[in-house]
Amino acid sequence: MSSNSISSTTTLAEPLIRQRFGRPLTQGADETKATDLMLLHIEKVLDGATVAHMRTRLDGAEWTDGRETVGPLGAQVKRNQQLPEASPVRDELGREVLAACARHPVFHAATLPVKILPPRFNRYADDGHYGSHVDGAVMALADGNQLRSDIACTLFLAEPDGYDGGELVIEDTYGEHEVKLPAGDAIVYPASSLHRIEPVTRGARVAAFFWIQSLVRGQAQRRTLFQLDTAIRQLAVGGADASAVKQLTGVYHNLLREWADT
Ligand code: NI
């Protein structure tokens with residue numbers, strides 16, 4: 001658990017994430033009954049000033065065809081632009097994104113990162129889209145190590161009213177979840193899920209995206225730990241019996257010890 005207190009909320013609230021088929025998503029503590037995915041909206045990873053600064057840098061950057069970072073199957077369905085892998089802007093802003101994520105208590109508690117791929121930045125405009133796909137399972141890191149992509153993260157850098165289309169659609173056994181978040185907010189979801197980006201028919205959708213290898217590989221275990229972490233923090237804030245909180249904290253760490261994969 002992070003030692004920080006909760007400074008923002010996590011929700012699956014309408015209308016930011018809409019379920020297209022099946023049961024409607026419920027909110028708050030019931031979230032996991034509505035989906036078998038750990039699909040989490042993390043609010044205010046970046047503040048407005050930081051988003052504006054990043055957009056100035058990104059809007060003036062040189063973009064390249066997004067097909068350069070995928071294999072032949074991905075290239076068939078991917079139509080967007082990305083910052084080149086060696087772009088200094090990518091490097092600079094990527095570090096800022098990771099620093100903001102590291103400071104965010106909910107992001108840490110929900111993902112339990114052990115390795116993170118340096119963020120990439122993409123831009124969808126003029127009917128740009130990315131057809132249904134599953135992300136690569138193992139990715140190469142610059143230091144020669146590899147990363148197992150347990151979790152995918154998209155950090156939105158364009159306000160939803162600035163573009164039409166561009167929803168991130170994530171499929172699970174309960175149907176499809178359509179995600180379009182305010183600039184500065186992020187969604188984390190299992191990289192193993194089928195997902196796509198709908199065509200952008202007006203304006204531009206700009207985002208950062210990256211993958212995380214979690215200390216806890218299984219999403220069911222990760223979700224249990226996150227729920228326990230969230231409940232313990234709420235109890236602590238609510239002035240619950242200190243020895244009971246301590247006991248539950250011990251349970252959290254013992255489960256993490258059982259499930260951590262370092
Ligand atoms: Ni993807």
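Residues numbered from 1 in each chain as written. Predicted model: local features only at pLDDT ≥ 70, side-chain atom pairs only at ≥ 80, totals over all residues.

J.: Explain the overall build of the protein to me, using residue names and the numbers behind them.
T.: When helices and strands are counted, the protein shows seven helices and 19 strands. In the protein, which comprises 262 residues, the proportion classed as buried is 34%. Counting only contacts in the protein whose residues sit at least 6 apart along the sequence, the fraction spanning at least 24 positions is 78%. (Helix = DSSP H or I, 4+ residues; strand = E, 2+ residues; numbered from the N terminus. Buried ≥ 20, exposed ≤ 12 C-beta atoms within 10 Å, placed from the backbone. Contact = placed C-beta atoms within 7 Å.)

J.: Before we move on, can you summarise the pairing of strand S8 (residues 120–125) with the specific residues and values?
T.: Summarising the sheet, strand S6 (residues 81–82) and S8 pair through two bridges and their orientation is antiparallel. Residue pairing in the sheet places Gln82 in a bridge with Asn122 of S8. (Pairing = 2+ DSSP bridges.)

J.: How would you summarise the nonpolar core if you had to cite specific residues and measurements?
T.: Ranked by internal contacts, the top residues of the largest apolar core, which has 52 residues, are Cys153, Leu155, Leu157 and Val188. Looking at which element gives the most residues to this core, the answer is strand S19 (residues 204–214), with seven residues. Apart from residues no more than four positions distant in its own chain, Leu155 is found in contact with Val45, Val97, Ala186, Ala207 and Ala208. (Core = buried A, V, L, I, M, F, W, Y, C linked by C-beta atoms within 7 Å.)

J.: Before we move on, can you summarise the packing of helix H6 (residues 219–237) against helix H7 (residues 242–259) with the specific residues and values?
T.: Packing of H6 against H7 leaves a shortest axis separation of 10 Å and a crossing angle of 160 degrees. The pairing of H6 with H7 is recorded here as roughly antiparallel in orientation. Seen along the crossing, H6 lies across H7 with a hand that is left-handed. Where H6 approaches H7, its residues Gln221, Leu225, Leu228, Asp229, Ile232, Leu235 and Ala236 are matched on the opposing element by Val245, Leu248, Thr249, Tyr252, Leu255, Leu256 and Trp259. (Axes fitted to C-alpha atoms, helices over the stretch in contact; angles between N-to-C directions. Parallel < 35°, antiparallel > 145°, perpendicular 65-115°, else oblique. Left-handed = near helix turned anticlockwise from the far one by under 90°.)

J.: Would you mind going over the environment of Ala109 in detail, with residue names and values included?
T.: Among the secondary structure elements, Ala109 is positioned in helix H5 (residues 105–111). A tally of 23 C-beta atoms within 10 Å means that Ala109 is categorised as buried.

J.: I'd love a proper account of the environment of Leu228, names of residues and values included.
T.: Note that Leu228 resides in helix H6. Distance from Leu228 to Tyr252, taken between C-alpha atoms, is 6.8 Å for residues 24 residues apart in sequence.

J.: Please set out the pairing of strand S15 (residues 175–179) residue by residue, giving values where relevant.
T.: As defined by bridge partners, strand S14 (residues 168–172) adjoins S15 across five bridges and the pair is classed as antiparallel. Paired with Glu171 across the two strands is Glu176, which belongs to S15.

J.: Tell me about the confidence of the model for the protein, and please be specific about residues and values.
T.: One rule of thumb: low pLDDT means the predicted coordinates there are not for detailed reading. Mean pLDDT over the protein: 87, with 86% of residues reaching 70 or higher. Low pLDDT, under 50, characterises residues 1–15; the predicted model gives this stretch 31 contacts beyond four residues in sequence or across chains. (pLDDT = per-residue confidence, 0-100.)

J.: Describe helix H4 (residues 88–103), naming the residues involved and giving the relevant values.
T.: With 16 residues, H4 should cover 22 Å at 1.5 Å per step; its first-to-last C-alpha distance of 23 Å lies within 8% of that length. When we look at burial in H4, the residues that qualify are Arg90, Leu93, Gly94, Val97 and Cys101. For H4, the arc enclosing every buried residue in end-on projection is 110 degrees, short of the 170-degree limit, so these residues lie on one face. Away from the buried face of H4 by more than 90 degrees, exposed residues Pro88, Glu92, Arg95, Ala99 and Ala102 are located. Where H4 is buried, its residues meet helix H2 (48–59), H5, S8, strand S12 (151–156) and S19. (Expected span 1.5 Å × (residues − 1). Arc of directions from axis to C-beta.)

J.: Tell me about H7, residues and numbers included.
T.: Helix length check: H7, at 18 residues, gives a terminal C-alpha distance of 26 Å against a target of 26 Å (1.5 Å per residue), a fit within 8%. With zero of 18 residues buried, H7 is to be regarded as a mostly surface element.

J.: Provide a residue-level description of unusual backbone geometry, including the pertinent values.
T.: Even without being glycine, Leu112 reaches a positive phi, approximately 45 degrees. Here Leu112 lies in the loop between H5 and strand S7 (113–116). Residue Leu112 is classed as buried on the basis of its 23 C-beta neighbours within 10 Å. In this model, Asp127 sits at a positive phi of 70 degrees, which is unusual for a non-glycine residue. Its location among the elements puts Asp127 in the loop between S8 and strand S9 (129–133). Judged by local crowding, Asp127 falls into the exposed class, with 10 C-beta atoms found within 10 Å.

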